[in-house]
Amino acid sequence: MLNTDFLIEVVITTSSLSSQGLKPLRFFDRRLIKEKNTVMSQRDPKSILIAVEGIDGTGKSSAVPVIEEVCKRCGYDPLTTREPYTQEVIDLVHSPQKGNLCEAMIHDRVQHLHDVILPHLSKSKSAVITDRYLYSNVAYNADEVPPEKILEEHRERGIPDADILVLLDMPVRVAQQRIMKTRGFLDPIEKRSMTQARKLFRSMADQHPCAVIVDASKPLEIVHEELRQKMVRVLRNLPMES
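These numbers were taken from a predicted model, which means no experiment stands behind them.

1. Topic: the pairing of strand 3 (residues 48-53)
The side chains of a regular strand alternate, residue by residue, between the two faces of the sheet.
No. 1: Among the six residues that make up strand 3, six are buried, leaving the element largely enclosed by the rest of the structure.
No. 2: On strand 3, burial covers both faces: I48, I50 and V52 on one face and L49, A51 and E53 on the other are all buried.
No. 3: With five bridges joining them, strand 3 and strand 5 (residues 126-131) adopt parallel strand pairing. Of the residues in strand 5, the one forming a bridge with I48 is A127.
No. 4: When strand 3 meets strand 6 (residues 164-169), the two strands line up parallel, connected through four bridges. Bridge pairing links E53 to L167 in strand 6.

In structure tokens form, the structure reads like this:
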């Protein structure tokens, strides 16, 4: 278990939350992660964190089981999860008045790490596959907070980058058509932010040391086979600390 001696409980209350009848958001914030090095010392050196990203409509949910299967084939013990993690932030994401969503998502991520991700990564040759991670935070909040500032906030809290960033990429028009076909409507964020989000996802993947980019506009069987082949190559060539 994570040593909680230095965990600070943070309560986020905003006027928008109150007006929506939502409870204050309570999280454990670890601003002392780097100094105490408690969180990262929990990780087994052979464990991996995989983030699955992309704009809505790209098929992230169906891609996660494919990655899980490849991890098992390559000898990893996989755990799948997703963000947002807490119900309060899930409600906030879908609310018309989002308040300080960027900050809430960061605290949500700290709680996710504490409760789910790091306990599993403490096991030998384990893998955590998360449907969305900090890259979504950057891509969808860039209108209000500069990407560099969001990344700095993550670094200050000691939130780790993913070891592997899987990006399912497709043109915004195709993604919106898929959403309309399956759900029948686009929410305001999807209408306003998808083009910018796609550009930011591509930029972050281009700069990531271990990114797997798949053209998700192809037929699903082809997408999954390409993802499977690329993940096998990455996992078999991933350097492991002794």
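There's more to say after this.
2. Re the pattern of salt bridges
No. 1: Tallied over the entire structure, the rule returns 15 salt bridges.
No. 2: Ionic pairing is found between D163 and R43, a salt bridge with its closest N-O pair at 2.8 Å. Of this pair, D163 sits in the loop between helix 8 (147-156) and strand 6 while R43 sits in the loop between helix 3 (38-41) and strand 3, and the two are 120 residues apart along the sequence.
No. 3: Residue classification places R43 among the buried positions, given a relative accessible area of 15%.
No. 4: Across the pair R132 and E53 runs a salt bridge, and its minimum N-O distance is 3.8 Å. Here E53 lies in strand 3 and R132 lies in the loop between strand 5 and helix 7 (134-141), a separation of 79 residues in the sequence. The burial state of R132 is the same as that of E53; both residues are buried.
No. 5: What you see here is one network of salt bridges that share partners, running through E69, R73, E225 and R228.

The rules we used
- Residues numbered from 1 in each chain as written.
- Predicted model: local features only at pLDDT ≥ 70, side-chain atom pairs only at ≥ 80, totals over all residues.
- Heavy atoms only, no water.
- Buried < 20%, exposed > 50% of the residue type's maximum accessible area, 1.4 Å probe, protein only.
- Helix = DSSP H or I, 4+ residues; strand = E, 2+ residues; numbered from the N terminus.
- Pairing = 2+ DSSP bridges.
- Salt bridge = Lys/Arg side-chain N within 4 Å of Asp/Glu carboxyl O.

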